[in-house]
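# Structural characterization, general
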Amino acid sequence: MTLRPVAEPSAAAWLVSRGRPWPRLALFGPAGLEAYARLRFIPDPNRPGQEEHEHDGGEDLPRELVQLRTVVDVLRRHTRTPDDAWHCLWEGWGDLHAGATIVTTLHDDGRAEGRPGAPAFPPGVLGAPTVHLPHRSHHLFRGPLSDLGDWGAADLAPGVPRGDLVPSYVWPSDQAWCIAADTDPHWAGIGGTREAVEDLLALSTVDVVAADPAEDQPSYP
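Note that the coordinates shown come from a computational prediction; the quantities given were computed from them, not determined experimentally.

With that settled, the discussion passes to the overall build of the protein. Looking only at helices and strands, the protein features five helices and 11 strands. For the protein, whose C-alpha radius of gyration is 18 Å, the value lies close to the compact-globule estimate of 17 Å for 221 residues. If you line up the protein on its principal axes, its C-alpha atoms span 55 × 45 × 30 Å. By sequence separation, contacts in the protein at least 24 residues apart represent 72% of the contacts at least 6 residues apart. Put simply, the protein shows about 11,000 Å² of open surface, and 51% of that area lies on carbon and sulfur atoms.

Structure, rendered in structure tokens:
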């Protein structure tokens, strides 16, 4: 199965209905949930001026989408609607429309030649984003949490798979929790019940820490 694109955006209205200001909406999703946490895709910086590529997490950390799936596997137990959820895909992913460049020739002097890959979705899906938030617009999809990240996107070319497209927001239809994964931070924000967040904090396979959305969060320059 794959997620299904949705043209009617009303299901996403709750993201802004609680009055959380930008950018906290982008970082943690809607206000009013009982507890919040951060899923750290890479460790927080531990010294001034540290760049993301200098992080202290080693070279073999799971991909962001893999880490999100681990978190969602736990959160599935904390919703009455695990088979009916909403998934937002940021329209600013560089290869959605024109396609990323596929390198066909790499010269000895380092020059690369290539051609554009195929768009991710048909024109009917890419025609216009449906969910408009401050500074971000998104394509809306619907489907079970078990299909997280399975957008049905086309390969860049035959035999050339497209890279991961990480969702910017995910929430079940009963609005029991929400994940927000903005494009800039090295982490995703999670809001839900205290019990859900406690279960995430107990995970050993991913790095989840408690967070207060009202506070400034660690960031790389």
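Moving on to the side chain of Arg-20. Structurally, the position occupied by Arg-20 is in the loop between helix H1 (14-17) and helix H2 (24-28). Although Arg-20 lies buried, it forms no salt bridge, and the closest oppositely charged side chain, Asp-212, sits 7.0 Å away as judged by the N-O distance. A distance of 3.3 Å separates a polar atom in the side chain of Arg-20 from the backbone oxygen of Pro-30. Every residue in contact with Arg-20, bar those within four places of it in the chain, is listed here: Leu-25, Phe-28, Gly-29, Pro-30, Ala-31, Tyr-36 and Pro-213.

Summarising burial for strand S7 (residues 136-143): seven of the eight residues are buried, a large majority. Both strand S1 (residues 4-6) and S7 contribute to a ladder of three bridges, which runs antiparallel. The residue of S7 that forms the bridge with Pro-5 is Phe-141. In this structure, strand S3 (residues 85-90) lies alongside S7, joined through six bridges in antiparallel fashion. Looking at the pairing, Trp-90 lines up with His-138 of S7. The pairing of strand S6 (residues 131-133) with S7 spans three bridges and is antiparallel. Bridging from a neighbouring strand, His-132 pairs with Ser-137 of S7. Turn length for the S6-S7 hairpin, with the two strands adjacent in sequence and antiparallel, is two residues, and the turn residue His-135 shows positive phi of about 70°.

Cut-off values and rules
- Residues numbered from 1 in each chain as written.
- Predicted model: local features only at pLDDT ≥ 70, side-chain atom pairs only at ≥ 80, totals over all residues.
- Heavy atoms only, no water.
- Helix = DSSP H or I, 4+ residues; strand = E, 2+ residues; numbered from the N terminus.
- Rg over C-alpha atoms; globule rule 2.2 N^0.38 Å.
- Contact = heavy atoms within 4.5 Å.
- Areas by Shrake-Rupley, 256 points an atom, 1.4 Å probe, with all protein chains shown as cover.
- Buried < 20%, exposed > 50% of the residue type's maximum accessible area, 1.4 Å probe, protein only.
- Lys, Arg positive; Asp, Glu negative; His and termini not counted.
- Salt bridge = Lys/Arg side-chain N within 4 Å of Asp/Glu carboxyl O.
- Polar contact = N/O pair within 3.5 Å; in protein donor to acceptor, adjacent residues only side chain to side chain.
- Pairing = 2+ DSSP bridges.

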